[in-house]
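Breakdown of the fold
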Amino acid sequence: MKLKEKKLVGKVYYRGKAISFNVDEIILPNRKKATREYINHPGASAVLAVENGNFIMVKQYRYPVGKLTYEIPAGKLHSKNDDFLLRAKEELKEETGYSAKEFKHLVTFWPTPAFSNEVLKIYLASGLSKGKSNCDEDEFLDVVKVPIKKAVDMIKKSVIRDSKTIIAILYYLYFVKKGDGYE
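Residues numbered from 1 in each chain as written. Predicted model: local features only at pLDDT ≥ 70, side-chain atom pairs only at ≥ 80, totals over all residues. Heavy atoms only, no water.

Comments concerning the pattern of salt bridges
Under the criterion given, the structure shown has 10 salt bridges. Between Glu 71 and Lys 164 there is a salt bridge; the shortest N-O distance is 2.7 Å. Separated by 93 residues along the polypeptide, Glu 71 in strand E6 (residues 67-71) and Lys 164 in helix H3 (residues 163-176) bring together distant segments of the chain. What makes Glu 71 buried here is its relative accessible area of 3%. The buried category is assigned to Lys 164, whose relative accessible area is 8%. As a salt-bridge pair, Arg 87 and Glu 90 come within 2.8 Å of each other at their nearest N and O atoms. Here Arg 87 and its partner Glu 90 are both found in helix H1 (residues 84-96), 3 residues apart, which amounts to about one turn of the helix. Three or more residues joined by partner-sharing salt bridges are found here, namely Arg 62, Glu 71, Asp 162 and Lys 164. (Salt bridge = Lys/Arg side-chain N within 4 Å of Asp/Glu carboxyl O. Helix = DSSP H or I, 4+ residues; strand = E, 2+ residues; numbered from the N terminus. Buried < 20%, exposed > 50% of the residue type's maximum accessible area, 1.4 Å probe, protein only.)

This is the structure in structure tokens:
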């Protein structure tokens, strides 16, 4: 393949609980050497939960950007062998208290392929029933119901800025609802 880069040697500079920071020396297609710095990530699942014309979302503070965010429930896989669908079901329950009768895979994407190998799978959850949430001890969030039309407006006004959430909502409206309105 004429565009492929080949790894010569790699080094892990930091290994955390969930991710590592790596630097690899590579050979470019023109045979010159270069380095690639990237985050090794186990992957993640996210859930677009829809109930009576509303998205079930979480509002939380994100330290790296220093802001409150509106996001769909999501979480990292515990390992490369973890099950994406199982993680989606568990994250929906843990973060919002909701369970769903039906889950449907919507889309798989790379959030930041220039510097991370993270794969993120988004699922649509329907047939919801409310229960008790059980967030991780370092997770503080509010569960919010956002009307579909308002969520679109929040994207337009850059209130919703989280990429997985934007992708999930727009994918749902374009490919699932096929542009036929906001329920």
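Quick notes on the packing of aromatic side chains
Aromatic rings considered in pairs are described by the distance between their centres and by the relative angle of their planes. According to the stated counting rule, one finds 4 aromatic pairs in the structure shown. Measuring from ring centre to ring centre gives 5.8 Å for Phe 55 and Tyr 172, while their planes differ by 80°; the resulting arrangement is edge-to-face. Residue Phe 55 is located in strand E5 (residues 54-62), and its partner Tyr 172 is located in helix H3; the two are separated by 117 residues in the primary sequence. Since its relative accessible area comes to 4%, Tyr 172 is described here as buried. With a centroid separation of 4.6 Å and 45° between ring planes, the pair formed by Tyr 171 and Phe 175 is classed as tilted. Residue Tyr 171 and its partner Phe 175 are both found in helix H3; the two are separated by 4 residues, about one turn of the helix. Sitting over the ring of Phe 84, Lys 121 keeps its end group 4.6 Å from the ring centre. (Phe/Tyr/Trp six-rings, centres within 6.5 Å; stacked < 30°, edge-to-face > 60°. Lys NZ or Arg CZ within 6 Å of the ring centre and 35° of its normal.)

Concerning the pairing of strand E3 (residues 33-40)
With 8 bridges connecting them, strand E2 (residues 20-27) and E3 associate as antiparallel partners. Opposite Asp 24, over in E3, you have Arg 36 as the bridge partner. In textbook terms, the turn of a hairpin is the stretch between consecutive antiparallel strands, and for E2 and E3 this stretch comprises 5 residues, one of which, Arg 31, has a positive phi near 75°. (Pairing = 2+ DSSP bridges.)

Brief notes about the packing of helix H2 (residues 148-156) against H3
It is the contact of H2 with H3, at a shortest axis distance of 11 Å, that shows an interaxial angle of 125°. With respect to each other, H2 and H3 are oriented oblique. The chirality of how H2 crosses H3 is left-handed. Contacts between H2 and H3 involve Ile 148, Ala 151, Val 152 and Ile 155 from the first element and Ile 166, Ile 169, Leu 170, Tyr 172 and Leu 173 from the second. Residues of the contact of H2 with H3, tallied by class, amount to 9 nonpolar, no polar and no charged. (Axes fitted to C-alpha atoms, helices over the stretch in contact; angles between N-to-C directions. Parallel < 35°, antiparallel > 145°, perpendicular 65-115°, else oblique. Left-handed = near helix turned anticlockwise from the far one by under 90°. Contact = heavy atoms within 4.5 Å. Nonpolar A, V, L, I, M, F, W, Y, C, P; charged D, E, K, R; others polar.)

Side note on H3
Given 3.6 residues per helical turn, the α-helix brings residues three or four places apart onto the same face. Compared with an ideal rise of 1.5 Å per residue, which puts 14 residues at 20 Å, H3 spans 19 Å between its outermost C-alpha atoms and is within 8% of the ideal. Looking at H3, one finds that the buried residues are Lys 164, Thr 165, Ala 168, Ile 169, Tyr 172 and Leu 173. All buried residues of H3 fall inside an arc of 155° around its axis, so they share one side. A positive phi of about 55° marks Lys 178, the residue just after H3. (Expected span 1.5 Å × (residues − 1). Arc of directions from axis to C-beta.)

Some details on the nonpolar core
Ranked by internal contacts, the top residues of the largest apolar core, which has 25 residues, are Leu 48, Val 50, Phe 55, Ile 122, Ile 160, Ile 169 and Tyr 172. At the level of secondary structure, the elements contributing two or more residues to this core comprise strand E4 (44-51), E5, strand E8 (98-109), strand E9 (120-130), H2 and H3. For this core, the element with the most residues is H2, which contributes 5 residues. (Core = buried A, V, L, I, M, F, W, Y, C linked by side-chain atoms within 4.5 Å.)

What to know about the layout of surface pockets
Reported here for the largest pocket is a volume of approximately 1,900 Å³. His 41, Arg 62, Glu 71, Gly 75 and Lys 76 are the residues nearest the centre of the largest pocket, which is lined by 49 residues in total. Looking at the lining of the largest pocket, the elements with two or more residues in it are E3, E5, E6, strand E7 (74-76), H1 and H3. No other element matches E6, which puts 5 residues into the lining of the largest pocket. Looking at the lining of the largest pocket residue by residue, the classes come out as 19 nonpolar, 12 polar and 18 charged. Roughly 190 Å³ of volume is contained in the second largest pocket. Surrounding the second largest pocket, Arg 36, Glu 37, Tyr 38, Trp 110, Pro 113, Ala 114, Phe 115, Ser 116 and Asn 117 form its lining. The residue makeup of the lining of the second largest pocket, split by class, is 5 nonpolar, 2 polar and 2 charged. (1 Å grid on protein atoms, 1.4 Å probe; cavity = no way out; pocket = protein on both sides within 12 Å on 5 of 7 lines; lining within 4 Å. Points joined across faces, edges and corners; volume = space filled by probe spheres on them.)

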